[in-house]
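Letter by letter, the chains look like this.
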Amino acid sequence: MSELLLELLSEEIPARMQLRAADDLKRLIVDGLKSRGLEAGEARAYSTPRRLTLVIDGVPPASPAISEEKKGPRVGAPDQAVQGFLKSAGLASVKDATVVKDEKKGDYYLAKIEKPGRDAPDIIAETVREIVAKFPWPKSMRWGAPLFTELLDDKGEAVRDDAGAIIEVEEWLRWVRPLQSIVCLLGGKVVPFEIAGLRAGQETRGHRFLGPGPFKVKNFHDYEEKLAEHHVVLDPAKRVAAISEQAHKLAKDAKLELVEDDALLAENAGLTEWPVVLMGSFEKAFLEVPGEVLTTSMKTHQKCFSLRDPKTKKLANKFLLVSNLLAKDGGAQIIAGNDKVIRARLSDAKFFWEQDLKHPLGEMAGKLANITFHEKLGSQKDRVERIEQLAFELAGACDADPQDARRAAGLCKADLVSEMVGEFPELQGLMGRYYAEAVGTKPEIARAIELHYKPKGPTDTVPREDQGDAVAVAVALADKLDTLVGFWAIGEKPTGSGDPYQLRRAALGVIRIVLENDLRVPLVRSLEIALGLYKRIDRSGSSRTDKSSKPSFENVFEDLKYFFADRLKVFLKDQGKRHDLIDAVFSLGGQDDLALIVKRVEALDAFLKTDDGTNLLAGVKRAANILAIEEKKDKTSYAGPYDLSLLKEKEEIALAAAIEAVKQDTTSAIQVENFAGAMRALSELRAPVDAFFEKILVNADDKKVRENRLRLLSEIRAATLTVADFSKISG
């Protein structure tokens, strides 16, 4: 077994593509070798700004020989079928095939195919050439001289023109940036092949500026050591660790604290092969601008880290940059250059901040009419007007002041027209809060402007009523509900994996806000309000407000209810809840209070984990099965009240009494949202149901008694339906 080492050295690879490219290289090469019969051991892939590297352990010297049999058509089959079989099996004539006797189905041809093993270098060369030619870069460029290959038809034969000449097609090699060299070693020996004039060898290069020149390698260990000697850290994880360690040390020495940013760490690791962290500075006057603006500007334009005071958490007038050089002057010139660029960038940010402060948010909000939200849904101003009214209606459920909710909603999108958000869209909401605070807006309203976008993803936090952000909760719900209703109304629903307007995220946001704040927000009523406020949209893209009548979107309404039910299932399933229990609760009908649905599911889940719950479920299912069989046979339904006078046996009398008691107790418990109590009441059915099935013959000879006992079984089902539809529960 040998080690395979492959390096593809090129011009700079964009940082955002490197890790994915390394994973793709490993997957495609390993799969390619495997498909050609070459099974290998562990594979590891690495990336730097200039190279993709793959090392695979345990590569055998050759693929094993294969002997297989291929069944063909019957003897005497049409010639076309026979010839197709011969071609696929690689046989010259039927004489090369074996005839297998079969008295039942008739004799048929059988091909015995012997495939000799292939040398590993041949397989590797073929695989690498194929993968490089078809590598899935998000963006790539063609380079080198074009290759001219024969155009083949469906049969694999060359296509000729009218004069009989073979037609050739021009093909270019595409790579993210031009390849410069290829290292390919198997067991320390070069695997010979060529790609676009580049011959595979054992020579590579180190750092573009710090490496003294090309060098030869023997194996991966030798390769990694020599790269380090030539100022290249191959493993991106080690570059991340080096940047982090240097950054924290510089910050500590300056008695400051690093503003952590894992994404920026990874990006800088993708921009450097030998990272060196340096500290720069800027004028304190820039600290008048909000810290998030300065951090975003330095990160976006110069990939620099921010520093702050560890006690006050306020931004310091220092920053950290990551260089790819070991400068002779200790980095003084690099720092001076970055100081100059940072100063220019922060001057722009300061200008945007000062210009925006000259225009109150109310004035900015008036300009939203000039921003199109969607060509079929009107402007951002139209949208804000809907969110205003919807937030006002939802405020009561969130314990928020309705007028504050309306005011916050009216300003929540205003910063979209600001200079700052135009430059840094990721600051929308946050800048609105700063601009609102600058003119003395109520803190609850200012925070709502920032927080109404939350949650922005599954790991993001939601605005919390218990943290004084009830207004933000109302506006966040209104914003997301309006988005969902609007895009549903114009038929832009998520399809498969496609969700360009992030509607699944919006629905999950509504669910999380409601559940984490334990809100009583009836979903049906909320959707009705949103639909009632919506503009009638015509297919030409224009819209008109029709306040005299409520829009009729029955299909949208029903479809959205099912969509929310599906999103809630996904959310609860991710938390370990059983999907069948969710179905069992939703099947009751009228279940549109998300918080109560979840509480009911949790109580049902806990109940079914007890012996009483397990046995009662079995009893209810048994009753349901008997009813289904007998109702089908008798072509009638036994739903409805039973005749108390026909109950003679003590077990059926006890069951009837238990059913009536359980109906009352579960209903009373559910009315006060005591779902655990409802489950305890339901458990009282377990013993009477068990005794009934043990002692009572349902299909009695007396027709009236039989029908009455079947009606008693239907009442078991009816009693449990106050809690959940047990027929939907597996087990």
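What you are looking at is a predicted structure, and each value in this text was computed from that prediction instead of being measured.

A few words on helix α8 (residues 332-357). For α8, with 26 residues, the first-to-last C-alpha span of 37 Å sits near the 38 Å given by 1.5 Å per residue. Inspection of α8 places Ile 335, Asn 338, Asp 339, Ile 342, Leu 346, Ala 349, Lys 350, Phe 352, Trp 353 and Asp 356 among the buried residues, and these make up the whole buried set. Here the buried face of α8 lies against β16 (276-281), α7 (291-302), β18 (315-323), α9 (361-366), α12 (419-423) and α13 (430-438).

One can find Arg 239 in helix α5 (residues 236-253). Residue Arg 239 is classed as buried on the basis of its relative accessible area, which comes to 0%. Each C-alpha atom, one on Arg 239 and one on Glu 273, is 7.6 Å from the other, the two residues being 34 residues apart in sequence. With residues up to four places along the chain from it excluded, the contact list for Arg 239 reads Gln 18, Ser 47, Thr 48, Pro 49, Val 233, Leu 234, Ala 269, Thr 272, Glu 273 and Pro 275. Engagement of the side chain of Arg 239 in a polar contact is seen with the backbone oxygen of Thr 272, the distance being 3.0 Å.

What follows concerns the side chain of Thr 720. In this structure, Thr 720 sits in helix α25 (residues 703-720). Owing to a relative accessible area of 1%, Thr 720 belongs among the buried residues under this scheme. When near neighbours in sequence (up to four residues on either side) are disregarded, Thr 720 contacts Val 620, Leu 682, Leu 685 and Phe 726.

In this structure, Asp 479 sits in helix α15 (residues 470-489). A distance of 2.7 Å separates polar atoms of two side chains, one belonging to Asp 479 and the other to Arg 383. Discounting residues that sit within four places of it in the chain, Asp 479 has contacts with Arg 383, Ile 387, Lys 413 and His 452.

Glancing now at the sheet that holds strand β2 (residues 43-48). Strand order in the open sheet made by the five strands is β2-β3-β1-β9-β10, with antiparallel pairing throughout. A single partner strand is all that each edge strand has here, and the edge strands are β2 and β10 (189-190). Contacting β1 (2-10), β3 (51-59) and β9 (179-186), helix α3 (residues 120-133) crosses the sheet at an angle of about 155 degrees to β9.

Let's shift gears to helix α2 (residues 79-89). Among the residues of α2, those classed as buried are Val 82, Phe 85, Leu 86 and Ala 89. Down the axis of α2, the buried set is contained in an arc of 100 degrees. They therefore lie on one face. Those residues of α2 that are exposed and aimed more than 90 degrees away from the buried face are Gln 80 and Lys 87. In the core, the buried residues of α2 are packed alongside β4 (66-74) and β6 (108-115). Just downstream of α2 lies Gly 90, where phi reads positive at about 75 degrees.

If you walk through the whole model with that rule in mind, you get 52 salt bridges. For the salt bridge of Glu 257 with Lys 313, the shortest nitrogen-to-oxygen distance reads 3.0 Å. Note that Glu 257 is positioned in strand β15 (residues 257-258) and Lys 313 in the loop between β17 (305-308) and β18, a separation of 56 residues in sequence. Take Glu 257: its relative accessible area is 23%, and that puts it in the partly exposed class. Among the residues examined, Lys 313 registers a relative accessible area of 45% and is labelled partly exposed. Between Lys 599 and Asp 518 there is a salt bridge; the shortest N-O distance is 3.5 Å. Of this pair, Lys 599 sits in helix α20 (residues 594-608) while Asp 518 sits in the loop between α16 (503-516) and α17 (523-533); the two residues are 81 residues apart in sequence, bridging distant segments of the chain. Here Lys 599 falls in the partly exposed class, since its relative accessible area comes to 29%. Given a relative accessible area of 39%, Asp 518 falls into the partly exposed group. Salt bridges linked by common partners bring Arg 383, Arg 386, Lys 413, Asp 479 and Asp 482 together as one network.

Calculation notes
- Residues numbered from 1 in each chain as written.
- Predicted model: local features only at pLDDT ≥ 70, side-chain atom pairs only at ≥ 80, totals over all residues.
- Heavy atoms only, no water.
- Helix = DSSP H or I, 4+ residues; strand = E, 2+ residues; numbered from the N terminus.
- Expected span 1.5 Å × (residues − 1).
- Buried < 20%, exposed > 50% of the residue type's maximum accessible area, 1.4 Å probe, protein only.
- Contact = heavy atoms within 4.5 Å.
- Polar contact = N/O pair within 3.5 Å; in protein donor to acceptor, adjacent residues only side chain to side chain.
- Pairing = 2+ DSSP bridges.
- Axes fitted to C-alpha atoms, helices over the stretch in contact; angles between N-to-C directions.
- Arc of directions from axis to C-beta.
- Salt bridge = Lys/Arg side-chain N within 4 Å of Asp/Glu carboxyl O.

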